[in-house]
Amino acid sequence: MKIDVDAERLAREIDALAAITDAEPPAVTRVVFTEQDLRARARLKERCSDAGLTSRVDAVGNTFFRWEGTRSDLPPVATGSHIDAIPNAGKFDGVVGVLGGLEAIRGLQKSGFVPERSIDLIQFTAEEPTRFGVGCIGSRLLSGVLGPEADEQLRGSDGETLRIARTKAGFAGDLASVRLAPGYYAGFVELHIEQGPILEREATAIGIVTNIVGPASFFITVEGQGGHAGGVLMPDRHDALCAAAELIVKIEALAKGSGATDTVATVGICEVYPGAINSIPNRVKLGVDLRDSDGKRRDHVLEEIRAAVAIARGCQDEGLESRRIVARAYHDSSFMAQIAPMAMIFIPCRGGVSHRPDEYASIEHIVGGVKVLARTLAELSLAH
Ligand SMILES: [Zn+2]
């Protein structure tokens, strides 16, 4: 599958959103529930409906733009970030994850991909703590880390409670209704600028951040290129079974390397397609079982395996270098991790600078991140 990202449109949309600001451009000031925030939301909604996405807004203003999948019986997957900005910030923090998420969906649509699970693009309310002194208000409420008492307890710098401020901005309803049940999403992936210097320093295009908790058994599908066993020469091969074999050995090594003897990982299923002796395997389905007496340690190994596979595979398909990285700032993803398997895709930003008008990420790096996000969402949206 080729992911076609419209880099010009994406750059144009990032600039257009940056022009909606209370500060002198290029500085961006867009505090939650202000007129500029509402204008930016309206613009985003238009762009999403252009792409055929439906929308739902909750009581605190978190907005869910949905690309309907064919399997409405299954939990959807989601991506997203924030568009609010602290005073005199830049134009990429958060925005890359929202407009990039939209562009990832558009790229998948253009490629003819049909999702089984629905794919949600979430625009979270108030990731920045500017107004209420607490960050990630939207995702905290979604995950239940923050309860409905926040309505009266949180007070803005102007003295208004969250309840009054959100009602004035047009977001009414019971704050308790914002919470989503654990398992509501099958997975959540956020694309974000690194806000640190590591990727740029190492000239690495993609950083993979994971904190995946969840089931102890799962399937991995390895795709390759088939062909006649006699006709395709060795240098030209992409044998899916050979790649799967490396992965099986890697899974064994990761389990052995957990530091505890009761971490056990087993690849008990290996289905080879087309499964003929004279045909190069083009697809292999592996069934992995992972157990540990310690749930945390098990999840850690699981995280390592999944990180080794999902986003890394997207990077490989796009020919991009990747490395694992630790997120130092907190993000909406930190809270989404409470209710869904979570991963983040980081792209480099110049000098690691963020929350300043000179914050900068190149369109090449953004597009690379969008393509990896698109592939990751495509993979997660399949029912297997
Ligand atoms: Zn951010």
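Rules used throughout
Residues numbered from 1 in each chain as written. Predicted model: local features only at pLDDT ≥ 70, side-chain atom pairs only at ≥ 80, totals over all residues. Heavy atoms only, no water. Helix = DSSP H or I, 4+ residues; strand = E, 2+ residues; numbered from the N terminus. Rg over C-alpha atoms; globule rule 2.2 N^0.38 Å. Buried < 20%, exposed > 50% of the residue type's maximum accessible area, 1.4 Å probe, protein only. Contact = heavy atoms within 4.5 Å. Areas by Shrake-Rupley, 256 points an atom, 1.4 Å probe, with all protein chains shown as cover. Lys, Arg positive; Asp, Glu negative; His and termini not counted. Charge placed at Lys NZ, Arg CZ, Asp CG, Glu CD. Donors = N, O, S within 2.8 Å, 3.2 Å for Na, K, Ca; no water. Pairing = 2+ DSSP bridges. Axes fitted to C-alpha atoms, helices over the stretch in contact; angles between N-to-C directions. Expected span 1.5 Å × (residues − 1). Core = buried A, V, L, I, M, F, W, Y, C linked by side-chain atoms within 4.5 Å. Phe/Tyr/Trp six-rings, centres within 6.5 Å; stacked < 30°, edge-to-face > 60°. Lys NZ or Arg CZ within 6 Å of the ring centre and 35° of its normal.

A.B. asks: Even after reading the chapter, I still don't get the overall build of the chain, so can you show me in this structure?
C.D. replies: Scanning the chain for helices and strands turns up eleven helices and 15 strands. At 22 Å, the chain has a C-alpha radius of gyration in line with the 21 Å of a compact globule built from 384 residues. Taken over the C-alpha atoms alone, the chain extends approximately 70 × 45 × 40 Å along its principal axes. For the chain, with 384 residues in total, the buried portion stands at 52%. In the chain, once contacts between residues fewer than 6 apart in sequence are set aside, the share between residues at least 24 apart is 78%. Roughly 16500 Å² of accessible area belongs to the chain as shown, and the carbon and sulfur atoms make up 52% of that amount. The averaged location of the 52 negative side-chain charges in the chain is 2 Å from the averaged location of its 42 positive side-chain charges.

A.B. asks: Looking at this structure, I do not really get the coordination of the zinc ion. What am I missing?
C.D. replies: In an ideal octahedron of six donors the angles at the metal are 90 or 180 degrees, and in an ideal tetrahedron of four donors they are 109.5 degrees. At this site the zinc ion is bound by His82 (NE2), Asp93 (OD) and His192 (NE2), with donor distances of 2.1 to 2.3 Å. Going along the chain, you hit the donors of the zinc ion in the pattern H-x10-D-x98-H. Here aspartate 93, found in the loop between strand 5 (85-89) and helix 3 (95-110), pairs with histidine 192, found in strand 7 (residues 187-193); they are 99 residues apart in sequence, far enough to count as distant. A relative accessible area of 9% places aspartate 93 in the buried class.

A.B. asks: Got a minute to help me understand the sheet that holds strand 9 (residues 217-223) in this structure?
C.D. replies: Ordered in space as 9-13-11, the three strands form an open sheet in which the pairing is antiparallel. Whereas interior strands pair on both sides, the edge strands pair on one side only; in this sheet they are strand 9 and strand 11 (264-273). Shown here is a sheet whose adjacent strand axes are inclined to one another by a mean of 20°, direction ignored. In the sheet, strand 11 pairs with strand 13 (residues 283-291) via nine bridges, with the strands oriented antiparallel. Along strand 13, the bridge assignment pairs valine 267 with valine 288. Together, strand 9, strand 11 and strand 13 form the strand contacts of helix 8 (residues 240-256), whose direction differs from that of strand 13 by roughly 10°.

A.B. asks: Which parts of the structure should I look at to understand the pairing of strand 2 (residues 54-57)?
C.D. replies: Each regular strand carries side chains that alternate between the two faces of the sheet. Bridge analysis of strand 2 against strand 3 (residues 63-67) gives four bridges, and the strand direction is antiparallel. Among the inter-strand pairings, valine 57 is bridged to a residue of strand 3, identified as threonine 63. Between the antiparallel neighbours strand 2 and strand 3 lie five residues, among them glycine 61 with a positive phi of about 95°.

A.B. asks: Looking at this structure, I do not really get helix 11 (residues 363-380). What am I missing?
C.D. replies: For the α-helix, the turn length of 3.6 residues means that residues three or four positions removed from each other point alike. The terminal C-alpha atoms of helix 11 lie 25 Å apart, and with 18 residues this matches the ideal 26 Å at 1.5 Å per residue to within 8%. A large share of helix 11 lies buried, amounting to 13 of its 18 residues.

A.B. asks: Help me out: how do you make sense of the nonpolar core in this one?
C.D. replies: Most often, soluble globular proteins keep nonpolar side chains buried together rather than apart. Counting residues in hydrophobic clusters, the biggest one holds 49 residues, and the most contacted among them are Leu53, Leu108, Ile206, Ile345, Ile347 and Ile366. Beyond its immediate sequence surroundings of up to four residues, leucine 53 is in contact with Cys48, Phe65, Arg66, Trp67, Leu102, Ile105 and Gln109. Counting 36 residues, the second-largest nonpolar core is a separate cluster that includes Phe64, Leu180, Tyr185 and Val209.

A.B. asks: Honestly, the packing of aromatic side chains in this entry has me stumped. Any pointers?
C.D. replies: The way to describe two aromatic rings as a pair is by their centre distance and the angle between their planes. If you walk through the whole model with that rule in mind, you get six aromatic pairs. Here tryptophan 67 and phenylalanine 113 contribute two aromatic rings whose centre-to-centre distance is 6.5 Å and whose plane-to-plane angle is 65°, an arrangement assigned as edge-to-face. Separated by 46 residues along the polypeptide, tryptophan 67 in strand 3 and phenylalanine 113 in the loop between helix 3 and strand 6 (119-124) bring together distant segments of the chain. The burial state of tryptophan 67 is the same as that of phenylalanine 113; both residues are buried. Between tyrosine 184 and tyrosine 185, the ring centres sit 4.7 Å apart and the planes meet at 90°, which makes this aromatic pair edge-to-face. Residue tyrosine 184 is classed as partly exposed on the basis of its relative accessible area of 28%. With a relative accessible area of 1%, tyrosine 185 lands in the buried category. Among the aromatic side chains, those forming a connected cluster through ring pairs are Phe33, Phe132 and Phe171. In this structure, arginine 56 packs its charged tip against the face of phenylalanine 64, placed 4.2 Å from the ring centre. Positioned above the aromatic ring of tyrosine 273 is the side chain of arginine 283, whose terminal nitrogen or guanidinium carbon lies 4.2 Å from the ring centre.

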